[in-house]
Structures are given as structure tokens and as C-alpha cells.
Amino acid sequence: MHDAPQPRDAEGQPHPQARPESTTAPGPAGPRPSAVAQRGSADRPAERTPPPAGGGAVGRLTSTVDRLRRELTRAQEQADGRALVELAKGILVERLGVSPAEAGRQLDTLADQSTLSVLELAADLVNQASHDRIAELAREFVVSAGEPSVGVRLRSAETGALGASDVQAVAQSVLEHAVRPLGAQAVAIWAANSDQSLTLAGSAGFADEEALRWRHVPPGVPVPARRALTERAFAAYESMAASGLPSIGQREFGGGRLAVPAGSGGRITGVLEVCWSGRMPAQSQSLHRQFEALAELCATALEAHPATGGGGSGVDPQTADLLELVHGLQDPCLVMHPDLDPAGRARDYLIRHVNPSFEDFAGRPRSAIVGARLLEAYPLAAEPGGLFEKIEYVLATGESFRSPGMNLSALVDGVPLTTRASVSVSRHGTSAVVIWRTEDGAARVASLLQHAQRLGRIGGFEENLRTGEIAWNDTLFDLHGLPPNAEPIPLEHLPAHAHPDDEHTIGRFLRTLLHHQRPASTAFRLQRADGIARHIRVVAEPVLGADARITAVRGAYQDVSAQHWTEVALAATRDQLAHTEQQAAERNRLALQLQHAIMPPSRGPLDLHDLRVAVRYRPAEKDHLVGGDWYDALALPTGQVLLCVGDVAGHGIEAATGMVALRNALRGLAATGAGPGQLLGWLNTVTHHLTDNVTATTICALYDPRTRALRWARAGHLPPVLLRDGRATELPTVAGILLGAIDQADYEEGEIRLRAGDTLMMYTDGLIERRDRSLEESLADLLTTVGATAGTADGLTELERRLDHLLRYSSSDTDDDTCLIGITVC
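Analysis parameters
- Residues numbered from 1 in each chain as written.
- Predicted model: local features only at pLDDT ≥ 70, side-chain atom pairs only at ≥ 80, totals over all residues.
- Heavy atoms only, no water.
- pLDDT = per-residue confidence, 0-100.
- Contact = heavy atoms within 4.5 Å.
- Helix = DSSP H or I, 4+ residues; strand = E, 2+ residues; numbered from the N terminus.
- Buried < 20%, exposed > 50% of the residue type's maximum accessible area, 1.4 Å probe, protein only.
- Polar contact = N/O pair within 3.5 Å; in protein donor to acceptor, adjacent residues only side chain to side chain.
- Core = buried A, V, L, I, M, F, W, Y, C linked by side-chain atoms within 4.5 Å.
- 1 Å grid on protein atoms, 1.4 Å probe; cavity = no way out; pocket = protein on both sides within 12 Å on 5 of 7 lines; lining within 4 Å.
- Points joined across faces, edges and corners; volume = space filled by probe spheres on them.
- Nonpolar A, V, L, I, M, F, W, Y, C, P; charged D, E, K, R; others polar.
- Salt bridge = Lys/Arg side-chain N within 4 Å of Asp/Glu carboxyl O.
- Pairing = 2+ DSSP bridges.
- Axes fitted to C-alpha atoms, helices over the stretch in contact; angles between N-to-C directions.

**Student:** Please give an account of the confidence of the model for the protein chain that cites residues and values.
**Tutor:** Considering every residue of the protein chain, the mean pLDDT works out to 78; 75% of them sit at 70 or more. Every residue in residues 1–56 scores below 50 in pLDDT, and together they form 102 contacts with partners more than four places removed in sequence or on other chains. The low-confidence segment residues 132–148 (pLDDT under 50) makes 34 contacts with residues lying over four places distant or belonging to another chain.

**Student:** Please provide a residue-by-residue account of the side chain of threonine 397, values included.
**Tutor:** With respect to the helices and strands, threonine 397 occurs in helix α13 (residues 387–397). The class for threonine 397 is buried, based on a relative accessible area of 16%. Only 2.8 Å separates the side chain of threonine 397 from the backbone oxygen of tyrosine 393, close enough to count as a polar contact.

**Student:** Just give me the short version of the nonpolar core, but keep the residues and values in it.
**Tutor:** Ranked by size, the top nonpolar core spans 33 residues in total, and within it Tyr378, Leu387, Ile391, Val423 and Trp436 carry the most contacts. With six residues, the top contributor of residues to this core is α13. In contact with isoleucine 391, other than residues within four places in its own chain, are Met336, Tyr349, Leu374, Val425, Ala432 and Val434. Within the second largest apolar cluster, 30 residues are counted, among which are Ala171, Val260, Ala262 and Cys298.

**Student:** So, empty space enclosed by the protein: which residues are in play, and what are the values?
**Tutor:** Evaluated as defined, the whole model comprises three cavities of 30 Å³ or more. The computed volume of the second largest cavity comes to approximately 50 Å³. Taken together, Leu767, Ile768, Ser778, Asp781, Leu782, Thr785, Leu806, Ser810 and Ser811 form the lining of the second largest cavity. Per element, the largest residue contribution to the lining of the second largest cavity is four residues, and it comes from helix α20 (residues 775–787). Of the residues in the lining of the second largest cavity, the class split is four nonpolar, four polar and one charged.

**Student:** Outline the pattern of salt bridges, supporting the account with residue identities and numerical values.
**Tutor:** In this structure the tally under the stated criterion is 24 salt bridges. Its salt-bridge partner being aspartate 547, residue arginine 466 comes within 3.5 Å of it at the nearest N-O pair. Here arginine 466 is found in the loop between β12 (458–464) and β13 (470–472), whereas its partner aspartate 547 is found in the loop between β15 (533–544) and β16 (550–559), with 81 residues between them in sequence. Judged by relative accessible area, which is 57%, arginine 466 ranks as exposed. Relative accessible area serves as the criterion here: at 43%, aspartate 547 is assigned to the partly exposed category. When the shortest N-O distance is used, the salt bridge between arginine 525 and aspartate 502 registers 3.0 Å. A residue pair is termed long-range when its members are at least 10 positions apart, and arginine 525 in strand β14 (residues 520–527) and aspartate 502 in the loop between α15 (474–479) and α16 (503–515) qualify at 23 residues. Under the relative-accessibility criterion, aspartate 502 is labelled buried at 9%. It is possible to trace a salt-bridge network through shared partners that takes in Asp339, Arg347 and Arg373.

**Student:** Describe the sheet that holds β12, naming the residues involved and giving the relevant values.
**Tutor:** Spatially, five strands are ordered β13-β12-β16-β15-β14 in an open sheet, and the strand pairing comes out antiparallel. The outermost strands of the open sheet, each flanked by one partner alone, are β13 and β14. Taking each pair of neighbouring strands and ignoring which way they run, the sheet shows an average axis angle of 20°. Relative to β15, β14 runs antiparallel, the two being bridged by eight bridges. When the bridges of β15 are listed, arginine 525 appears paired with histidine 535.

Here it is as C-alpha cells:
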């Protein structure tokens, strides 16, 4: 550590009463003095007055920094192109014997006549005047492809390399001009050492920590660059992640990788390594020649700037040791270098490195901090007594600074964020090491705030009503469809940017907020300049001064367009659902009316010859489950009696209409005198061909009063139950498939002779179905219930009492409808 020089006054003379907090003239390890050095003396004016605290100063400082950064970026992008154009002007000066100004005009004229850009024409002129590999490759590519872009890229990379001060700048030029257009994301230039080790002489596209970690590769480590050196040929990998080889950037760029030996005169001096995050371009002869030309540029740079083992990011060995030290710290740490003006004074401090534990208390990623200047990343550090002054003092005096509680401030989307932290600043060579530990978790809170604003599409604002100054965050500019450098819209101008129908709504909002000085909120339609309309909700509150008068307004806008259209869609869906429910209720009502018109729920006994027939129908518990159960008892012209019961699959109007069709069809078919098996065969054909996807089960029986013979057939239906002499039994099961399943089907018949006093029960499955037991168990329960005594009831026949008893004590637990027909032989 160097001794700090003695402080001097504004005329350069030693100050007689230098105070410890004063900043002094530069020593061997520190920057030159600034106004902070003179603040200990009240009789001399300060050489540098820090920007005043407050929103105005911060706003001007921030806008100035943003403008300078944009200008610097444009200047860097144009620098290499201008160098190439200047080379072309020099060629025209030599060939045409004109002045440089005339050469520039000639170059513009030739570019207009050839329909090329000035940069492309300049590259073409340099290629014609040169006889190197780049010129040869460019001419070959132009002949084959008709495009001069390769020449432009390679010449731009060459001019950037020629003007570079180190291999690091060469790597940056190669990446930006030559390989990034090919989809590459990073470049490494390795220097081959005599002990077979490799030194990272320059890199671009990698994080500083990654470049530092790979600054030296010992002999024997199988990296792609070593393979290119050993084989003296291209080493290409389709997927670096799949290769299993270690190399720089293998986590960030695990795609294609190409290592090209770099040398001249038959001597290999290094390797150019190009990295892709995805697939690299298909290798061709033209592409190989381009990479060979780039490798020659790298070899030239390695000869002009021999590697010193510093590590490819312009890091000297002393700084490398410092970085290794800070990387082991558990607290967030920044390493800064002074950015000197022409007079040698520190105008800012460049944040060169941050350690792995660094976490920005404003919630920004580390990549947004590394490489930025202190006043760009933390503009409020320029406030009096802020971090800028502390670093300036430490670098000038060498005296470390420590504070157990210091306010750190940053701008989050234009809104100041302040946190309390313990801060330590120390000098190491020409670098300043800043360590802080926040006390309130502000970094995490700021990160959560930013993500919440992004996900919720919320933009915050603050408007000073006295000065007219307006602060918007980035989200709010995006909501209004404005560029970040546009002028924010004052609240009083808000009606002009809203839908005309919302003008009165916004007027009430502004009166509540500004006149009545109460918090207010409203929703309106924002008409953006690009023609897009957004549904916005704004909420704001007044800020009152010491005199109880409103001084400012702060609040937030939220884009609720998605919510609005969701509510519109839900309203339309509700309307459609209500209409559908109304239609369904109407259809069910019609189905129920149709069913009751044909089959009343209860019907008195019907005498057909020597048979007494009674019917019970129990509809489904829910109106929308109107089923297709049906029955019929009819005396035929042949003297026989038709007895049938059936069940159409499904519910609703379709089941009811299907039931009517089958019932009427069977009545018509029965008049032919055919047997029950033949009747069901015909009815199956009718069901299969003349209805829409209807299936049904049924029992069809014909009773002959003269012989008391009962013939029956079944189509997938449950068998009838016969009650004789107090004992209930099932009739024998005869084969028969349900109606409508196939085109043609045969149905077996069964026959039994009935006796006086016999009772026959025919029913649908709604009488016995249960979810918790098998069909056989349910049938056994039915036989027991049928054989039980039905009791007595006034006005009802024994048959009716038995039917009511069955319905009352049936074991069914489903919501299906039930049809039950009882026949007693008198």
C-alpha cells in the first residue's frame, strides 16, 4: 500500500490543516483529487459540486447516463466500419490522386451507382487492392453467392483487430463482426505456451467469472483447443454438452463448438474457439476458409500482444489474485476501477467484477451491474455523503471506510428504492473493493416487486403538482404504447387519451383525487397512439404537504384487458347456458307430457277376457331424467291379448319419442297374428333401420284366453315373475338380443299354461337396480317381496295393492324410472 500524498489546495499548495476525510492529490495508487478533498476547508470553494438531492437532479442524471450509454453503443458499432471506409478512401486517394474529401465524395457516388452500401463498397475496394486470404475468400464467395457480406464481415473484423490494443479487443471484434452473424454467442482466443499449457489471451461473450476461472489450462487437460493444437486441424463438436469434455462456457453454451488452430508461417501460436448455444452451421469449404482467415487474425494479435497469463478479460495477475480473494467472501462484493477524465480526475467508477454472493438490492441481475459505471447502476450514490464520495476518499487516502449503517439507494423503474446496509470500502492497488450487507432483505423485496409488476402488468407513477415533474416506471410506458424516452402524460391530460364515452368517468376520478383530496380509482378504455385500445384500471392517492395542501399524486395503472374480455366471455357463456337450460327444460317438459299422455303414472284395473291388468309407473326423481319405459296391454282381433313392457335406452325427448315409435310399431305388427318371437324380430329391424341410434329391451307376450296358454319372447329384458299358490318364481329365460343392436336377429319363445289365481309381473330394471349388489341378488330380493302379503287398502283390488307394495318396498337405489304391469287370471 502506498502512502497517501499530502492534501493540497485549489492552487496546488499543501493545505496546512488537511482533515482525514479530505480527498488529496493522486499518489501512485490513487486518482486525482476532486471537490471532496476541499470540503474540510470552509474558506475555499469546492472544485466539484455534487448534484443536488431530489427527483429533479436524479432524473437529469439518469437521462444523461442513458443518453451517453446509447451514444457510446452506437459509436462502438460504427467505429470498425468507419475504419474500413477510411482504408477505402486511402486507396482512392492513391489511385486517383485526389484529396481525402474528394475521395469520400467519389466513394459515395460509386456506392450509389453500384447499388451497394458505402461499407460494402469499401470492403470490395480493400479486397481488390489486397492479395491476402480475406480478399481471396471474399472474391470467391461473391462469385458463388453474389453477395459481398462475407467480405464486409471479415474486413470489419480485421480493421477492428488492427485497431485493438489487446487480444481481448480482437476477440470482441471477431465475435461482433465475423461469427455472431453465423449464430455464435462467444469466442475464446487461446495462446499456446511452451510447456503445453494454454492461456486465455482474449474472450468475448463469457461472464468475467468464467473467463477468470479458465485463464490457464494446465498441460494434459483434454479441452477442444488442445485437440486442435495436437492434430493441427479443425476440431468440431456438434454438442459440447454431449462430448463430455471440459471447456470454457460449457454450461452456458453447450451446443456446437469449433476450435481452429491459429498460426502463420507453419508455426501454431494459439487456437480460436467459437461457441454456439445451439447447432452450429453445417461445415463447408467456404466456411472453413472464413474461420482460417479469422484464425490468422488471431495469430497476428497473439504475436503483437503476447499473453501474460492474466486471463482473457484484461485481468492482470495482481487483479486476478484480488478476484480470487473476493470470490471467497460470503457477503456481496464489488470491485471498481476509477474512470478518469482527461485531467486525471475520477469522474466515475467502473464496476469490473462482482463476486458470486453479490445480490443487487434493487433486484437487477448481476449482468446488468457488471460493466456498468457506479452512477449508471446507482445514480443516487452521487448524493452528498453517498457511496461515490466514500470510494473517492478511500482511493485517494488509502484509508478504509466502514459504516455499520449506511443508506444505499437505487432507481427501480424510475422509482427510488433505499435500503440500510453495513458497508466497507477498501483500496487494493488501483481498485476499490466495496462490501455491503443489507439489513432488511431489500434485494429480495425489490425483485419480488419487479416480478409482481411485470406479471400483473402494473405501472407506477408519481406526479409533482408544483413542479410538473412526472416519474413513470418502464411498465407504464409499455402500457401506454410509448417509447421509454417519451414524455409522460400528466393526469389532467388523461381524458384526451381515453375513449370519449369514459370522459365523465375520468372527470369524477380527477375531482375526487385533486379537489376532494381523497384516494380514488376508476376503470376506463385507453386509446393508445398505435390504435390499440386497452382496458385500464387506475388507482391513486394525494400526497399532502405540511400545509395540508396537495403537492403530488402517486398511484398505479393496471392493464385489466384480459380480465375484461374474460368477464365478457363469461357473461356470454352464462347467457348461452341459461338459454340452453331453458331449452332443455322445455324439451323435458314436452317429453314428460308425451309420456304421461301415453302412460299415466297410475291406471285403474283393465279387464281383458279373463285377465285383470293393472299398471304402475314411477317417473324418475329428476325432471331431466325422463326415461323411455313403456308398456301395453291390448286385445287383438285374433282373440289373443298382447302384453308387453319395454325400456328405451337414454333419457329425454329422444327416449320418449323412441318409446312411442316402438310401442306403436309393435301394436301394428301384432295385428298380423304372428308369434312373439317373430314380432320381436320384425321390431328389431324397425329399431335398427327406422330410428336414430335407438336401442331398447322388451318382453312381448301373447295370451290365448281359450287355452290359457302364455307364449313370450324377450329382447335383452329381465324375465317375468309368476306368483302361484303364494310362491314367486322367474319364468324360464329364453335367448334374445336387445332391439336395434344388429340388423337381423332371432328370438326364442317360451310357453306356459296359466291357472286361475295366477299373477304375472312384468317390470323394467328401475324396480330392482342397485349400485351395491349384483343383479342376481336383486332378483332374489324381488321374489321375496312379491311373495309377501300386500296388506289391505280401501278401494283397491288385491292386484293393485300388490303392485303398490312392490313399488314401496323395492330395493332400487337409482334415479331411473320404473314401469310395472301386473296380470291376474280370474
